[in-house]
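# Descriptive structure summary
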Amino acid sequence: MRIGIVCPYSFDVPGGVQNHVVDLAEALIGLGHQVSVLAPADEDSPLPPYVVAAGRAVPLPYNGSVARIAFGPVSTARVRRWINRGDFDVLHVHEPLTPSLSMLAVLCARGPVVATFHTAMTRSRVLSAAQGMLRIVLERITARIAVSALARKVQVEHLDGGAVEIPNGVTVARFAGVEPLPGWPGECGPGTGGTIGFLGRFTEPRKGFPILRDAFVALAPHRPGLRLLVAGPGDADDLYGQFPAGLRDRVTFLGLVSEADKPRMLRSLHLYVAPNTGGESFGMILTEALAAGTTVVASDLDAFRRVLDGGRAGRLFPTGDAAALRTALAELLDDADRRAALTACGDQVVAGYDWPVVARRVLEVYAAAIEATDGRVIDQEWVELG
């Protein structure tokens, strides 16, 4: 099958959607399909051989963040040229309501279009200003995929359509069996040591880092070898300043870690902690920790509960409750058998998120979209964006 995939966000800046597109493309290629990916990027950017750069992106405030996107007449011409040259059996666009390449690709498409919706956004000023255009975009999509139950709910309740729920995948082989970082995770026994970890923006309130900090500060005096490993963006002084002076030497900040080093960081832990307080539609980091063979402790958010199979594959604690998190950490650090049982269940659960498995489900949606269009070409006379 000839498959064209469009990413709306720049490949010059890492992000969850970009990682999803790359992993899906490589999984499809591994299954024997021809794949081309179109994405905003500078012409001289180091890109995988299957990625076509659509030119430099520009920053745009969008959905509470800043998205680096490409839009306008030049981008439209490049999208049309890529589609014509590719002669794709199916076009798969990601986040088509973002004013970028995916939206342009839908408007230029002449065959079946599959769209994946990653976020559970229902409102934005950009979208509100373009309701007429969005209606046309939605009408031209043949089949929809939502990466979570919440994203699917938005499709049903706000965008007049259903969607097949297919979660984000994880390349299990990339995480399984990797070596931990030198000197980690160290010893772990009843009342002694243990290493717990956090990956993400520790300054972002919804990531819940203060809850983990409070649990660590309460637990550390009773476990002289307890250590905390933190990775993610942010300033080291801002992190260490949150801890009492006597505990700072038991906190290690790695800063940003590469995708290559992320598995090693997760493998360096006895417990990975996700203390998030809300706003999570899936829980990608949980599947990555499970793939690394690390026991997970997570807030009892609906998205996390789904990933952890209701607590069978990881320990859940009441969201926002630092005392309950402290108890959960102490119990698991003292019980190697319980950690091993959770990890074994996690191995079973994460197998269902392995990219080859997820990619085959995506292929089923492609086949349905192709059958639904039955070779018909979409009239696009009105599309005059170039």
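Residues numbered from 1 in each chain as written. Predicted model: local features only at pLDDT ≥ 70, side-chain atom pairs only at ≥ 80, totals over all residues. Heavy atoms only, no water.

Let's shift gears to the pairing of strand 14 (residues 295-299). Most of strand 14 is tucked away: five of the five residues are buried. Relative to strand 14, strand 13 (residues 271-274) runs parallel, the two being bridged by four bridges. Looking at the pairing, Tyr272 lines up with Val296 of strand 14. Following the chain from strand 13 across helix 11 (residues 284-291) to the adjacent parallel strand 14, one finds a crossover that is right-handed. When strand 14 meets strand 15 (residues 315-317), the two strands line up parallel, connected through three bridges. Bridge pairing in strand 15 places Val297 opposite Arg315. (Buried < 20%, exposed > 50% of the residue type's maximum accessible area, 1.4 Å probe, protein only. Helix = DSSP H or I, 4+ residues; strand = E, 2+ residues; numbered from the N terminus. Pairing = 2+ DSSP bridges. Right-handed = clockwise from strand over helix to strand, strands pointing away.)

It is at 9 Å that the axes of helix 11 and helix 14 (residues 336-351) come closest, and there the two elements cross at 120°. By the criterion of interaxial angle, the relationship of helix 11 to helix 14 is oblique. Once helix 11 is placed against helix 14, the crossing between them reads as left-handed. Between helix 11, through Thr287, Leu290 and Ala291, and helix 14, the contact on the second element is made entirely by Gly346, Asp347 and Val350. Of the residues contributing to the contact of helix 11 with helix 14, the split by class is three nonpolar, two polar and one charged. (Axes fitted to C-alpha atoms, helices over the stretch in contact; angles between N-to-C directions. Parallel < 35°, antiparallel > 145°, perpendicular 65-115°, else oblique. Left-handed = near helix turned anticlockwise from the far one by under 90°. Contact = heavy atoms within 4.5 Å. Nonpolar A, V, L, I, M, F, W, Y, C, P; charged D, E, K, R; others polar.)

The next subject is unusual backbone geometry. Put simply, Trp184 and Pro185 share a cis peptide bond, and its omega is 0°. Take Pro185: it is sitting in the loop between helix 7 (172-175) and strand 10 (193-199). One non-glycine residue, Glu95, lies in positive phi territory at about 50°. Within the secondary structure layout, Glu95 lies in the loop between strand 6 (90-94) and helix 3 (101-108). Overall, the relative accessible area of 6% leaves Glu95 in the buried class. A positive phi angle is found at Asp309, which is not glycine, with a value near 55°.

Our next topic: the sheet that holds strand 8 (residues 143-146). Here we have seven strands laid out as an open sheet, ordered 3-2-1-6-7-8-9, and parallel in their pairing. Two strands close off the open sheet at either side, each with one partner strand: strand 3 (51-53) and strand 9 (164-165). The pairing of strand 8 with strand 9 spans two bridges and is parallel. Opposite Ala146, over in strand 9, you have Glu165 as the bridge partner. Packed onto the sheet, helix 3 meets strand 1 (2-6), strand 2 (34-39), strand 6 and strand 7 (113-117) and runs at close to 150° relative to strand 6.

This part covers the packing of helix 8 (residues 209-219) against helix 13 (residues 322-333). Two elements in contact, helix 8 and helix 13, have axes whose closest approach is 8 Å; the angle formed by their N-to-C orientations is 55°. One finds that helix 8 runs oblique with respect to helix 13. Judged by the sense of rotation from one axis to the other, the crossing of helix 8 with helix 13 is right-handed. Packed against helix 8, whose contacting residues are Ile211, Leu212, Asp214, Ala215, Ala218 and Leu219, the element helix 13 presents Ala322, Leu325, Arg326, Leu329, Ala330 and Leu333 at the interface. When grouped by side-chain class, the residues that make up the contact of helix 8 with helix 13 number 10 nonpolar, no polar and two charged.

With that out of the way, let us pick up the pattern of salt bridges. Enumeration over the complete set of coordinates arrives at 15 salt bridges. We note a salt bridge from Asp87 to Arg2, for which the minimum N-O separation is 3.5 Å. You can see Asp87 sitting in the loop between helix 2 (73-86) and strand 6 and its partner Arg2 sitting in strand 1, a full 85 residues away along the chain. Two residues, Asp334 and Arg223, come together in a salt bridge whose shortest N-O distance is 2.6 Å. One end of the pair, Asp334, is in the loop between helix 13 and helix 14; the other, Arg223, is in the loop between helix 8 and strand 11 (225-231), and 111 residues separate them in sequence. On the accessibility criterion, Asp334 (35% relative accessible area) is partly exposed. On the accessibility criterion, Arg223 (2% relative accessible area) is buried. (Salt bridge = Lys/Arg side-chain N within 4 Å of Asp/Glu carboxyl O.)

Turning to the sheet that holds strand 10, a few remarks are in order. As summarised here, the arrangement of the six strands in space is 12-11-10-13-14-15, forming an open sheet in which the pairing is parallel. Strands with a single pairing partner mark the edges of an open sheet, and in this sheet they are strand 12 (251-255) and strand 15. Averaged over all adjacent pairs, the angle separating strand axes in this sheet is 20°, with direction ignored. Both strand 10 and strand 13 contribute to a ladder of two bridges, which runs parallel. Along strand 13, the bridge assignment pairs Gly197 with Tyr272. Here helix 11 sits on the sheet in contact with strand 10, strand 13 and strand 14, set at roughly 160° to strand 14.

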